[in-house]
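Residue strings, one per chain:
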There are 4 protein chains.
Amino acid sequence: MLSVTPQEVFDTRHRNRDQKRTAVLNAAAELFLKNGYHRTRLDDVAESLGITKPALYNYFKSKHDILLGCHMHGHDLIDASLGEIEEEGGDGLDRLRNLIRAYAGIMTMPFGMCLVRLDEHELSDKALKLVTTRRRMVDQRFKHYIETGIADGSIEPCDVRITAFWIAGALNWVSHWFKPGKGLSSGQLQEQLAEDLTRGVARGSRR
Amino acid sequence: MLSVTPQEVFDTRHRNRDQKRTAVLNAAAELFLKNGYHRTRLDDVAESLGITKPALYNYFKSKHDILLGCHMHGHDLIDASLGEIEEEGGDGLDRLRNLIRAYAGIMTMPFGMCLVRLDEHELSDKALKLVTTRRRMVDQRFKHYIETGIADGSIEPCDVRITAFWIAGALNWVSHWFKPGKGLSSGQLQEQLAEDLTRGVARGSRR
Amino acid sequence: MLSVTPQEVFDTRHRNRDQKRTAVLNAAAELFLKNGYHRTRLDDVAESLGITKPALYNYFKSKHDILLGCHMHGHDLIDASLGEIEEEGGDGLDRLRNLIRAYAGIMTMPFGMCLVRLDEHELSDKALKLVTTRRRMVDQRFKHYIETGIADGSIEPCDVRITAFWIAGALNWVSHWFKPGKGLSSGQLQEQLAEDLTRGVARGSRR
Amino acid sequence: MLSVTPQEVFDTRHRNRDQKRTAVLNAAAELFLKNGYHRTRLDDVAESLGITKPALYNYFKSKHDILLGCHMHGHDLIDASLGEIEEEGGDGLDRLRNLIRAYAGIMTMPFGMCLVRLDEHELSDKALKLVTTRRRMVDQRFKHYIETGIADGSIEPCDVRITAFWIAGALNWVSHWFKPGKGLSSGQLQEQLAEDLTRGVARGSRR
DNA sequence: GATGAATGAGCCTTCATTCAT
DNA sequence: TATGAATGAAGGCTCATTCAT
């Protein structure tokens, strides 16, 4: 949680530049998710921050750049999680479950949702390559843990690519239907999915 | 396969209206998926059909209306499948597997992909309601079959809502990664997913 | 009154061409007056006649041409009246009153209203010249009768141009406020105006 | 007279908004009257002000809105006159003559001409209601003064509605034929019409 | 750094007119 | 002659971006 509201960030003149950048991204992500990238005008973003449109250009060089920022921020969240999971160790199945937990959690947060719900066609070619690369890294991690699990016997042999995709898909979709404060909490959901999505995958699940 | 190319449909002045409407939708869906809704100009759609932009207005009353048409067409495909599945019968698990097969197949086809990959924010309020209603019907079907399976003992008791969502999510995501002619065929994928996504759900899957 | 409705005119194949032209003009005039020239599409005109748009081009070569037709028809009505008034004779004041009566009557009829209420800017240069010429003829007639009246002593000396214009203006304006079936009838209005507009003009009206 | 030309108003970035709004209206009114509303493109209006089309949208939200602005400005002129006339007092006939003078003057000015010569069908429904309401207020004033005059004996009894309409019509028509610098001046015209249009109306004008 | 104003580029939509049957 | 379909031409409006203060 921020200790100041996004508007307050802009209240004082000489506040940290990164803080302001983040405030812009937060405001933009919220509006992009609510109304779509195209239906969100920079005026809307600026207004929600209590500043004016041209001021945004002090922190981002274009609207596309803000969109890219949202994606990058989302991926930063994922990467942080990936690091923690590695540190925690365990066999392939353990790590897969930890990844599912972490990824599911991210999909309940605005920047995580951005990764799935915002139209990637709006990214510039260069930006798209960046995003695609990072996305592949995540896919790789899913595959890697599955392969690890197969190798160490914690996971039943399977088509790794398909399995990784359907698990990732099940998780990505969370960003479309999860509503905070309604139904399960984010934490409960993480546990549930870690369990449900690995039940048919874990060793011994096949008769 | 069509017996005529999209361009040929417009070769003769007087041809079946529905055929032309469908040709427009096909062309639009392809471009929307490839380049995004916004980056696709009506000129592009028209050009790919060998006609001029205003001619499109003989078949659709706006660009938004074409988008809605894509969604409706996708849902028509789903609804047709839903009918067939009902006719086929079986216990809850059988039906769920049939639904997964059918739905996975649809997600490998352009109009199915449209349902997932095109930004719904571009739909008018009225159109969005239409789409949302039909989408809920599909969600309901997933839940219904799971409940049926629990009742008839073919499926282990579980959180129906969550289970329906993660299965649907795994399937929807197919529209993002499936590339025809690369890897598994659509048919193979359907079988694989029908098996994989129910393994942890079917009776006896829990020790 | 027509003995057939406009739609019926087009029912039989080989009806008089002029009859069809007139039917088109009637329909167009009504719509032009009701909705304005620009807001009236040729589709609307065609629909009100029970035919299709391209059929109109058998009788008029453009929408502008239809507009010109309305103007010409209106002026034909005036010219016919002018002829009758000349035949009737009388002194300048008598003729002026007859002119007022006739002109007021025409201003209560659709084609008369067209002359005043339709935007002349839509006429082509050539058409505008035609219309302007005929309009000047009418103005001339007003002036001529006033001059005649001054010469023969039936009308008090005055600024002929101004007088002609204000009388014509008073009459033209009828086309904006006259509603058939409400208030005075067209005939009563003609008498009233013939009296009112000449009271301050006739000999002896100045003390 | 303006102390700056219309173009100069837009020379500096930060100048009184109202001044710019008025400059837009002036430019638009001139072009609308000269070429008609439809044949005037916003590009034309912008060009005549030395700015570009979208800049107009800083001051008006649509082309229709500019048209409405012209009408409103015209009515503001009238309303200002109506206030002065009331202050000046006099009997019904005096006031009617003052009204004729003022109204005739307004009909020689661009914004006054707009009220009569621009096609009201281009106004939105809402705007049309606004305009119609104000127009009725003016009509009411004509009627009111005539009634007052009849009551105080300065005007002969007559059909008030018809009389008001023909006087107003005679005046409105000024906007169609008056050319500044040709023939009578605006002031002379006002006097002439105040005299001419009341000669047959004033007490004692009927024998 | 911030802002009010202005711009450039683009695209949807309309509709009179024409074409092909 | 009549029509369904197609087109050419045009113009209003939006909005990300830049300019000038």
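Residues numbered from 1 in each chain as written. Chains lettered and ligands numbered in written order. Predicted model: local features only at pLDDT ≥ 70, side-chain atom pairs only at ≥ 80, totals over all residues. Heavy atoms only, no water.

A. Summary view of the overall build of chain A. A tally of regular secondary structure across chain A gives 11 helices and 0 strands. From first element to last, N terminus to C terminus, chain A shows the α and β order α-α-α-α-α-α-α-α-α-α-α. Seen through its C-alpha atoms, chain A measures out along the principal axes to roughly 65 × 35 × 30 Å. Buried residues in chain A amount to 52% of all 207 residues. Considering only contacts within chain A whose residues lie at least 6 apart along the sequence, 70% involve residues at least 24 apart. On chain A, roughly 10,000 Å² of surface is accessible, and the fraction owed to carbon and sulfur atoms is 49%. Positive and negative charge centroids in chain A, built from 29 and 28 side chains respectively, lie 5 Å apart. (Helix = DSSP H or I, 4+ residues; strand = E, 2+ residues; numbered from the N terminus. Buried < 20%, exposed > 50% of the residue type's maximum accessible area, 1.4 Å probe, protein only. Contact = heavy atoms within 4.5 Å. Areas by Shrake-Rupley, 256 points an atom, 1.4 Å probe, with all protein chains shown as cover. Lys, Arg positive; Asp, Glu negative; His and termini not counted. Charge placed at Lys NZ, Arg CZ, Asp CG, Glu CD.)

B. Inspection of the relation of the copies chain C and chain D at higher detail. Of the two same-sequence chains, chain C is brought onto chain D (RMSD 0.1 Å, axial shift 0.0 Å) by a rotation of 180 degrees. Both copies are brought into coincidence by an operation consistent with a two-fold rotation axis. (Least-squares fit on C-alpha atoms with pLDDT ≥ 70 in both.)

C. Expanded view of the packing of helix H2 (residues 17–35) of chain D against helix H3 (residues 42–49) of chain D. Residues and elements named next belong to chain D. Axis separation between H2 and H3 bottoms out at 9 Å; the angle between their running directions is 125 degrees. Of the possible angle classes, the one that applies to H2 and H3 is oblique. Between H2 and H3 lies a crossing of right-handed hand. Seen from H2, the contacting residues are Ala23, Val24, Ala27, Ala28 and Leu31; seen from H3, they are Asp44, Val45, Ser48 and Leu49. Partitioning the contact of H2 with H3 into residue classes produces 7 nonpolar, 1 polar and 1 charged. (Axes fitted to C-alpha atoms, helices over the stretch in contact; angles between N-to-C directions. Parallel < 35°, antiparallel > 145°, perpendicular 65-115°, else oblique. Left-handed = near helix turned anticlockwise from the far one by under 90°. Nonpolar A, V, L, I, M, F, W, Y, C, P; charged D, E, K, R; others polar.)

D. Layout of the packing of aromatic side chains. Overall, the coordinates contain 14 aromatic pairs over all chains when judged by the stated rule. Between A:Phe165 and B:Trp177, the ring centres sit 4.5 Å apart and the planes meet at 15 degrees, which makes this aromatic pair stacked. Separated into two different chains, A:Phe165 in helix H9 (residues 160–172) and B:Trp177 in helix H10 (residues 174–177) make up a pair that spans both. Of the two residues, A:Phe165 and B:Trp177, both sit in the buried class. Seen from their ring centres, C:Trp166 and D:Trp166 are 5.9 Å apart, and the 20 degrees between their planes marks the pair as stacked. Note that C:Trp166 is positioned in helix H9 (residues 160–172) and D:Trp166 in helix H9 (residues 160–172), a pairing that runs across two chains. The pair C:Trp166 / D:Trp166 is uniform in exposure class, with both members buried. Sitting above the plane of the C:Tyr37 ring, C:Lys63 keeps its charged end 4.3 Å from the centroid. One Lys or Arg, C:Lys143, reaches over the ring of C:Phe165 and ends 5.7 Å from the middle of that ring. (Phe/Tyr/Trp six-rings, centres within 6.5 Å; stacked < 30°, edge-to-face > 60°. Lys NZ or Arg CZ within 6 Å of the ring centre and 35° of its normal.)

E. Structural detail: the interface of chain B and chain A. Facing 35 residues of chain B, the contacting portion of chain A comprises 36 residues. There are 0 salt bridges connecting chain B and chain A. Connecting chain B to chain A are 7 residue pairs in polar contact (both at pLDDT 80 or more). Ranked by residues supplied to the side of chain B that touches chain A, first place goes to helix H9 (residues 160–172) of chain B with 8 residues. When the residues that make up the side of chain B that touches chain A are grouped by side-chain class, the tally is 14 nonpolar, 10 polar and 11 charged. (Salt bridge = Lys/Arg side-chain N within 4 Å of Asp/Glu carboxyl O. Polar contact = N/O pair within 3.5 Å; in protein donor to acceptor, adjacent residues only side chain to side chain.)

F. View of helix H7 (residues 110–117) of chain B. Residue and element names in this part refer to chain B. For H7, a buried count of 6 out of 8 residues is recorded, marking the element as mostly surrounded by other parts of the structure. Listing the buried residues of H7 in full gives Phe111, Gly112, Met113, Cys114, Leu115 and Val116. Looking at the buried positions of H7, the neighbouring elements they touch are helix H2 (17–35), helix H5 (63–88), helix H6 (92–106), helix H8 (125–152), H9 and H10.

G. Spatial organisation of the interface of chain C and chain D. Taken residue by residue, the interface counts 36 residues in chain C and 35 residues in chain D. There are 7 residue pairs in polar contact (both at pLDDT 80 or more) connecting chain C and chain D. Mapped onto the side of chain C that touches chain D, the elements with two or more residues apiece are helix H2 (17–35), H9 and helix H11 (186–199) of chain C. For the side of chain C that touches chain D, the element with the most residues is H9(C), which contributes 8 residues.

H. Examining the pattern of salt bridges more closely. All names here are of chain B. Applying the stated criterion to the full structure yields 40 salt bridges over all chains. Across the pair glutamate 86 and arginine 95 runs a salt bridge whose closest N-O atoms are separated by 3.3 Å. Taking relative accessible area as the criterion, glutamate 86 reaches 36% and is therefore assigned partly exposed. On the basis of relative accessible area, arginine 95 is assigned to the buried category, the value being 19%. Residue glutamate 191 pairs with arginine 101 through a salt bridge whose shortest N-O separation is 3.1 Å. Taken together, the positions of glutamate 191 in helix H11 (residues 186–199) and arginine 101 in helix H6 put the pair 90 residues apart, joining distant regions of the chain. Take glutamate 191: its relative accessible area is 43%, and that puts it in the partly exposed class.

I. Focus on the state of the cysteines. Residue and element names in this part refer to chain A. Taken as a whole and assessed by the stated rule, the structure comprises 0 disulfides over all chains. Cysteine 114 provides the cysteine sulfur closest to cysteine 70, a residue in no disulfide bond, and the two sulfurs are 4.6 Å apart. Judged by its relative accessible area of 0%, cysteine 70 is buried. (Disulfide = S-S within 2.5 Å.)

J. Up close: the side chain of B:Asp196. With respect to the element layout, B:Asp196 can be found in helix H11. Accessibility expressed as a relative area gives 5% for B:Asp196, which makes it buried. Residues in contact with B:Asp196, not counting those within four places in the same chain, are A:Ile162, A:Thr163 and A:Trp166.

K. Focus on the protein's contact with DNA strand E. For DNA strand E, the set of nearby residues contains 35 residues, the closest of which are A:Thr52, B:Tyr57, C:Lys63, D:Thr52 and D:Tyr59. Here the atoms of DNA strand E within 4 Å of the protein split so that 67% fall in sugar or phosphate, with bases taking the remainder. Interatomic distance of 3.5 Å between a side-chain N/O atom of B:Arg41 and a phosphate oxygen of DNA strand E. At a separation of 2.8 Å, a phosphate oxygen of DNA strand E approaches a polar side-chain atom of B:Tyr57. (Near = heavy atom within 4 Å.)

L. Region of interest: the domain arrangement of chain A. All names here are of chain A. For chain A, the assigned domains are domain 1 (6–60) and domain 2 (65–206). Regarding the contact of domain 1 and domain 2, the summed buried area is about 1,200 Å², with carbon and sulfur atoms giving 82% of it. A per-residue breakdown of the area domain 1 buries against domain 2 is headed by Leu25, Leu33 and Tyr37, which together make up 48% of the total. At the boundary of domain 1 with domain 2, the tally comes to 0 salt bridges. Residue contributions to the side of domain 1 that touches domain 2 peak at 8 residues, all from helix H2 (residues 17–35). Considering only residue class, the side of domain 1 that touches domain 2 consists of 9 nonpolar, 3 polar and no charged. (Domains from an automatic or database assignment. Buried area = accessible area lost by both parts, 1.4 Å probe.)

M. Examining the arrangement of the chains more closely. When C-alpha atoms are compared, chain A and chain C, though not in contact, are closest at a spacing of 31 Å. The two partners chain B and chain D share no contact, and the minimum distance between any of their C-alpha atoms is 21 Å.

N. Broad picture of the environment of D:Phe178. Residue and element names in this part refer to chain D. Checked against the element boundaries, phenylalanine 178 lands in the loop between helix H10 (174–177) and helix H11 (186–199). Using a relative accessible area of 7% as the deciding quantity, one classes phenylalanine 178 as buried. Residues phenylalanine 178 and methionine 109, spaced 69 residues apart in sequence, show a C-alpha to C-alpha distance of 9.4 Å. Not counting residues within four places of it along the chain, the set of residues in contact with phenylalanine 178 comprises Thr108, Met113, Leu184, Ser185, Ser186 and Leu189.

O. Summary view of the packing of H9(C) against H9(D). At their nearest, the axes of H9(C) and H9(D) sit 7 Å apart, and the two run at 120 degrees to each other. Relative to H9(D), H9(C) is oriented oblique. For the pair H9(C) and H9(D), the sense of crossing is right-handed. Along the contact surface, H9(C) presents C:Trp166, C:Gly169 and C:Ala170, while H9(D) presents D:Trp166, D:Gly169 and D:Ala170.

P. The arrangement of the environment of D:Arg17 in detail. Residues and elements named next belong to chain D. For arginine 17, the location among the structural elements is in helix H2. Between the C-alpha atom of arginine 17 and that of tyrosine 59, which follows or precedes it by 42 residues, the distance is 7.8 Å. Sequence-distant contacts of arginine 17, defined by excluding residues within four places in its chain, comprise Asn58 and Tyr59.

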